[in-house]
Amino acid sequence: MGADTTTTASNVLVLLGPPGAGKGTQARLLEEQLGLVQLSTGDLLRAAVRDGTAAGLAADKVMKAGDLVSDAIVMEILEERLEQSDVARGVILDGFPRTSAQAEALDALLARHGMSVGAAVALTVDDNAMVERVSGRATCAICGEGYHDQFKPPAKPDTCDVCDGGPLTRRADDNAQTVIARLQAYHAQTAPLIDHFENRGVLRRVDAMGPIPEIAGSLGNVVKALNS
Ligand code: ADP
Ligand code: ZN
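Description of the structure in this document. (Residues numbered from 1 in each chain as written. Chains lettered and ligands numbered in written order. Predicted model: local features only at pLDDT ≥ 70, side-chain atom pairs only at ≥ 80, totals over all residues. Heavy atoms only, no water.)

**Side note on unusual backbone geometry**
Cis geometry is adopted by the peptide bond preceding Pro-97, which originates at Phe-96 and carries an omega value of -5°. Mapped onto the elements of the fold, Pro-97 is located in the loop between β3 (91-94) and α5 (100-111). The phi torsion at Asp-158 lies on the positive side, around 55°, for a residue other than glycine. Secondary-structure assignment places Asp-158 in the loop between β6 (146-148) and β7 (168-169). Despite not being glycine, Asp-164 shows a phi value in the positive range, around 45°. Within the secondary structure, Asp-164 sits in the loop between β6 and β7. Residue Asp-164 is classed as exposed on the basis of its relative accessible area, which comes to 56%. (Helix = DSSP H or I, 4+ residues; strand = E, 2+ residues; numbered from the N terminus. Buried < 20%, exposed > 50% of the residue type's maximum accessible area, 1.4 Å probe, protein only.)

Following this line, the structure appears as C-alpha cells:
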C-alpha cells in the first residue's frame, strides 16, 4: 500500500464523541463485527509516553492537563501506524480527527494508504454523565478489556475477568479535574467536526447513553446500512 495505489476502499470508520462516550469500548466490539482494526490516537500517544520517544515526551504534560497534543505529533504517530500491514483491511479511527486541521489532513493521509472514510458516527451523550463515567474507569494491563467501578465491575476487585488475573490500571488523565478540561477541549475543537462529516454526507448519530451491548447493536446497524 503506497502512493501508487489506484483504487481506494471506503474502509475507514470515524468515531466521534466526548471523552467517556464509549468510543474505545465500541471500537473494540466493532473490530470483530466489521473486520476492521481499532486505531486510537490516545493509545498510540500513551505508548509513545511509555516508550519515552521524543513525541511521547512532548505529549505527556499536555495529556495530563487534558489539552490536545499538537497536530504535528498526532499526524506523525498516525502516519507511522498506517504504514503497518495489518491496517490494510480498514480501520476504526477512535479519537481522531480531533481538530479541523486533522480533519483536513485526513483525506490525503488515507489516500496515500488506499483508504477513504466510509462513515463517521457521532456518539451522542449527556455531558453531565461523562465525568462519572471517565473517573470510574479502569483497563486491563494485559488484554486491554475496559471496566468501570459502577457500570462494569470485574468479578474480583482490580482483576481482569477476560484473561483471568490481569491487573487493572487507571489512566493518569482519568480524574474529575482533567475530564472537565478534556470536555472543554472536545466542545471547542472537536464537536465542530460533526458538521464537517455531515456536509460530506457520511455522518450518522447514535445515542450512546444506554447499555453497552445495546449501543453496539445500533452502531452495527447504522454502519451496515451505510455500506449497503
Ligand atoms: P478520551 O477520548 O477519553 O479523552 P483518548 O485516549 O482518546 O481519550 O485521548 C487522551 C488524550 O490524548 C487527549 O486528552 C489528548 O491530550 C490526546 N489525544 C488523543 N488523540 C488526539 C488527537 N487526535 N489530537 C490531539 N490530541 C489527542
Ligand atoms: Zn485482561
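**Let's talk about the sheet that holds β7**
Read from one edge to the other, the open sheet built from three strands follows the order β6-β5-β7, with strand pairing classed as antiparallel. Strands at the two margins of the open sheet, each flanked by one partner only, are β6 and β7. Both strand β5 (residues 137-140) and β7 contribute to a ladder of two bridges, which runs antiparallel. If you follow Cys-140 over to β7, its bridge partner there is Leu-168. (Pairing = 2+ DSSP bridges.)

**Section: the coordination of the zinc ion (ligand 2)**
Ideal geometry at a metal gives 109.5 degrees between four tetrahedral donors and either 90 or 180 degrees between six octahedral ones. In the first shell of the zinc ion (ligand 2), the protein supplies Cys-140 (SG), Cys-143 (SG), Cys-160 (SG) and Cys-163 (SG), at 2.3 to 2.4 Å from the metal. Coordination at the zinc ion (ligand 2) is tetrahedral: its four donor atoms span angles of 101 to 120° at the metal. Each donor residue of the zinc ion (ligand 2) belongs to the same chain, with the gaps between them written as C-x2-C-x16-C-x2-C. (Donors = N, O, S within 2.8 Å, 3.2 Å for Na, K, Ca; no water. Tetrahedral: all angles 85-135°; square planar, octahedral: opposite > 155°, others 65-115°.)

**Examining the packing of helix α4 (residues 71-82) against α5**
Helix-helix packing is characterised by the crossing angle of the two axes and by the distance between the axes. Taken N-terminus to C-terminus, the directions of α4 and α5 make an angle of 25°; their axes are 11 Å apart at the nearest point. In terms of axis orientation, α4 runs roughly parallel to α5. For the pair α4 and α5, the sense of crossing is right-handed. Counting all contacts with α4, which are made through Asp-71, Val-74, Met-75, Leu-78, Glu-79 and Leu-82, the residues of α5 involved are Ala-101, Gln-102, Ala-105, Leu-109 and Leu-110. Its residues placed into classes, the contact of α4 with α5 shows eight nonpolar, one polar and two charged. (Axes fitted to C-alpha atoms, helices over the stretch in contact; angles between N-to-C directions. Parallel < 35°, antiparallel > 145°, perpendicular 65-115°, else oblique. Left-handed = near helix turned anticlockwise from the far one by under 90°. Contact = heavy atoms within 4.5 Å. Nonpolar A, V, L, I, M, F, W, Y, C, P; charged D, E, K, R; others polar.)

Everything listed here is a matter of geometry and, on its own, says nothing about what the molecule does.
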